[in-house]
Amino acid sequence: MDYDVLIVGAGFAGAEAAYALARRGVRVGLCTQSLDTVFLPFTPVMPPFPEGTLLAEIGFAGAKGWEIHARAKYKLEAEPNLHLFQSSATRLLLEGGRVGGVETWEGPQRRAGRVVLAVGSFIDPKLAIGKVVEAAGRLSEAAYPDLYQDLLAHGFRFVERKAEVPPLGGTPGYSVTFKALAPEEWEVETFRLARLEGLYGLGLCVLGEGTYARMCEEGLRLAASWAKG
């Protein structure tokens, strides 16, 4: 087994959970499709930052998105129990009826005792800028089409959500329509995606909406709940 916990998605929720778990001695794999966008906000993040979070540790008033990204990525890569790596998850690995990792587009399988999906707005997304539409969860960031099809094959149900991103610093505004796991698929207290043993959901892909601060709080809540159990 490669990790105790494998988290797919290194946005605010996934990275926060990975950091908190690793600091508790858990061996964590944090998988992202782009190391250049780890913990990267596309809209301003203003204090107060949630107490005890990675965001509170590295954020400061007036910080630009790339400053937050760089500081967070440094912290994540410096944590001994955390392996941050770039790869695209395509399919869940089942072992004896339980999720035991993921397959990747690049080829290597990543195995873990628990798998957490923290894939944000990247499940079947449609990003629109004016009349131009592409399959992206944020500007220039690819979707998870194979993982979405695999989840459908396992019977998971989804609801549609929409997010609006205003123009900022020369970047055009856009909207993203994406799929979030249906509320009945997710157990709020345990984070379990109960359709499959060993699989959990975190952040925007289960909540459907929320601020960066809320995503960080959810990541911290997951780590705290597992520490108790």
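Above this text is the structure in question.
Predicted model only: the values in this text are computed from it and were never measured.

Visitor: Describe the sheet that holds strand 8 (residues 132-134), with residues and values.
Guide: With antiparallel pairing, four strands are arranged side by side in an open sheet as 8-7-12-11. With one partner strand each, in any of the chains shown, strand 8 and strand 11 (158-165) form the two edges of the open sheet. Strand-to-strand, the axes of this sheet are offset by a mean angle of 20 degrees, without reference to chain direction. Across three bridges, the pairing between strand 7 (residues 126-129) and strand 12 (residues 174-181) is antiparallel. Following the sheet pairing, Ala128 is matched in strand 12 by Ser175.

Visitor: Before we move on, can you summarise the pattern of salt bridges with the specific residues and values?
Guide: Any two side chains of opposite charge can pair, on the condition that their charged atoms come close. Summed over the entire model, instances satisfying the criterion amount to 18 salt bridges. The salt bridge partner of Arg23 is Glu57, with a shortest N-O separation of 3.2 Å. Here Arg23 is found in helix 1 (residues 12-23), whereas its partner Glu57 is found in helix 2 (residues 54-58), with 34 residues between them in sequence. Accessibility expressed as a relative area gives 53% for Arg23, which makes it exposed. By relative accessible area, Glu57 is classed as partly exposed at 34%. Between Glu185 and Arg195 there is a salt bridge, and its shortest N-O distance comes to 2.9 Å. Of the two residues, Glu185 sits in the loop between strand 12 and strand 13 (199-201) while Arg195 sits in the loop between strand 12 and strand 13, which places them 10 residues apart along the sequence. Each of Arg98, Glu187, Arg192 and Glu197 takes part in salt bridges that share partners, so that together they form one network.

Visitor: Run through the nonpolar core, naming residues and quoting values.
Guide: Counting 67 residues, the largest nonpolar core has Ile7, Phe12, Leu30, Phe39, Leu76 and Leu199 as the members making the most contacts within it. For this core, the leading source of residues is helix 1, giving nine residues. Non-local contacts of Phe39, meaning those with residues more than four positions away in its chain, are made with Ala10, Gly11, Phe12, Ala15, Glu16, Leu54, Leu55, Ile58, Ile68, His69, Ala72 and Cys216. Counting eight residues, the second largest nonpolar core, distinct from the first, contains Leu127, Leu139, Val176 and Phe178.

Visitor: Describe the packing of aromatic side chains, with residues and values.
Guide: Following the criterion strictly, the structure yields six aromatic pairs and no others. Here the aromatic rings of Trp186 and Phe191 are separated by 6.0 Å at their centres, their planes lie at 70 degrees, and the arrangement is edge-to-face. One exposure class covers both Trp186 and Phe191, and it is buried. For the pair Tyr200 and Trp226, a centre-to-centre distance of 4.8 Å together with 70 degrees between the ring planes defines the contact as edge-to-face. Here the residue Tyr200 occupies a position in strand 13, and Trp226 occupies one in helix 6 (residues 212-228), the gap between them amounting to 26 residues. By relative accessible area, which is 7% here, Tyr200 ends up buried. Taken together through their ring pairs, the aromatic side chains of Phe12, Phe39 and Tyr212 make up a single cluster. The lysine or arginine in question, Arg114, covers the ring of Trp226, its NZ or CZ lying 4.2 Å from the ring centre. One Lys or Arg, Arg195, reaches over the ring of Phe156 and ends 5.6 Å from the middle of that ring.

The rules we used
Residues numbered from 1 in each chain as written. Predicted model: local features only at pLDDT ≥ 70, side-chain atom pairs only at ≥ 80, totals over all residues. Heavy atoms only, no water. Pairing = 2+ DSSP bridges. Helix = DSSP H or I, 4+ residues; strand = E, 2+ residues; numbered from the N terminus. Axes fitted to C-alpha atoms, helices over the stretch in contact; angles between N-to-C directions. Salt bridge = Lys/Arg side-chain N within 4 Å of Asp/Glu carboxyl O. Buried < 20%, exposed > 50% of the residue type's maximum accessible area, 1.4 Å probe, protein only. Core = buried A, V, L, I, M, F, W, Y, C linked by side-chain atoms within 4.5 Å. Contact = heavy atoms within 4.5 Å. Phe/Tyr/Trp six-rings, centres within 6.5 Å; stacked < 30°, edge-to-face > 60°. Lys NZ or Arg CZ within 6 Å of the ring centre and 35° of its normal.

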